[in-house]
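Fold and geometry: a report
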Amino acid sequence: LNRLLEDLYQLSLSDIGALTYRKADIDLAEVLEDSIESYKEEFAGKDIRVSRDIQKRPAIAVFADKERIHQLFSNLLDNSLKYTDRKGELIVRLAYHDGQAVINFQDSSPGVLPDEFVRLFDRLYRSEHSRNRSSGGAGLGLAICKNIAEAHDGTIAAYPSPLGGVMVTVTIPFAGRRT
């Protein structure tokens, strides 16, 4: 209940432009590694194999709020944990292309219906297919992820995963564009 209230509060602040961001040049690979490590035991407890393909390029930074980016990654990891079948798989990739960091979270089944991908980032939307209400959540986590990505001049989108589940792709521009 506390998390639900906090999520609603953050979305409300974002709506009125009052959500604060403390941006600085950060090492995105480090934040991503820390986020994955914080879920290590939970994934192991569900027998979900987590693979990482994280390019570490310390000379490249993103201008971002470290805590908000950690929150974005944590929400995506939490979704994969909740909605990936036992003994499933999650692959997390970080690469750098055309002046931006590209982060992919690919999980195994179950997935969502093709027409649901465009709605996954809508507030309170929950897939009725394989990612059902018994798994918990209020349908706010991905909406918060979208707000965080956009506040960093980035994007977030969902696609069918080659593993049978969902692939979420986040892009964040390199440091240099300071907004």
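The structure this text deals with has already been given above.
Notes on the structure follow.

Observations regarding the overall build of the protein chain
In terms of regular secondary structure, the protein chain is built from five helices and seven strands. Shown N-terminal to C-terminal, the secondary structure of the protein chain runs as helices and strands in the order α-β-α-α-β-β-α-β-β-α-β-β. Classification of the 179 residues of the protein chain by burial places 50% in the buried group. Counted over contacts in the protein chain with a minimum sequence separation of 6, partners at least 24 positions apart contribute 72%. About 9,100 Å² of surface is accessible on the protein chain, with carbon and sulfur atoms providing 50% of the total.

Examining the pattern of salt bridges
Overall, the coordinates contain seven salt bridges when judged by the stated rule. The shortest N-O distance in the salt bridge between Asp53 and Arg93 comes to 3.6 Å. With a gap of 40 residues between them, Asp53 in strand S2 (residues 49-54) and Arg93 in strand S4 (residues 89-97) connect regions that are remote in the sequence. When salt bridges with common partners are traced through the structure, they connect Glu33, Glu37 and Arg52 into a single cluster.

A look at helix H2 (residues 28-38)
Those residues of H2 that sit buried are Leu28, Ala29, Val31, Leu32, Glu33, Ser35 and Ile36. N-cap assignment for H2: the residue whose side-chain oxygen lies 3.0 Å from the backbone N of Ala29 is Asp27.

Let's talk about helix H5 (residues 141-151)
Within H5, eight of the eleven residues are buried, which leaves the element mostly enclosed by the surrounding structure. Taken together, the buried positions of H5 are occupied by Gly141, Leu142, Ala143, Ile144, Cys145, Asn147, Ile148 and Ala149. Looking one or two residues past H5, Asp153 carries a phi angle of roughly 60°, positive in sign.

Description of the packing of aromatic side chains
Inspection of every chain in the model, using the stated rule, returns three aromatic pairs. Arranged with centres 6.0 Å apart and planes meeting at 45°, the rings of Phe73 and Phe105 form a pair that is tilted. With Phe73 in helix H4 (residues 66-83) and Phe105 in strand S5 (residues 100-108), this pair connects stretches of sequence that are 32 residues apart. Of the two residues examined, Phe73 and Phe105, each falls in the buried class. When the ring of Tyr96 is compared with that of Phe174, the centres are 5.8 Å apart and the planes differ by 50°; the resulting orientation is tilted. With Tyr96 in strand S4 and Phe174 in the segment after strand S7 (164-173), this pair connects stretches of sequence that are 78 residues apart.

Cut-offs applied
Residues numbered from 1 in each chain as written. Predicted model: local features only at pLDDT ≥ 70, side-chain atom pairs only at ≥ 80, totals over all residues. Heavy atoms only, no water. Helix = DSSP H or I, 4+ residues; strand = E, 2+ residues; numbered from the N terminus. Buried < 20%, exposed > 50% of the residue type's maximum accessible area, 1.4 Å probe, protein only. Contact = heavy atoms within 4.5 Å. Areas by Shrake-Rupley, 256 points an atom, 1.4 Å probe, with all protein chains shown as cover. Salt bridge = Lys/Arg side-chain N within 4 Å of Asp/Glu carboxyl O. Polar contact = N/O pair within 3.5 Å; in protein donor to acceptor, adjacent residues only side chain to side chain. Phe/Tyr/Trp six-rings, centres within 6.5 Å; stacked < 30°, edge-to-face > 60°.

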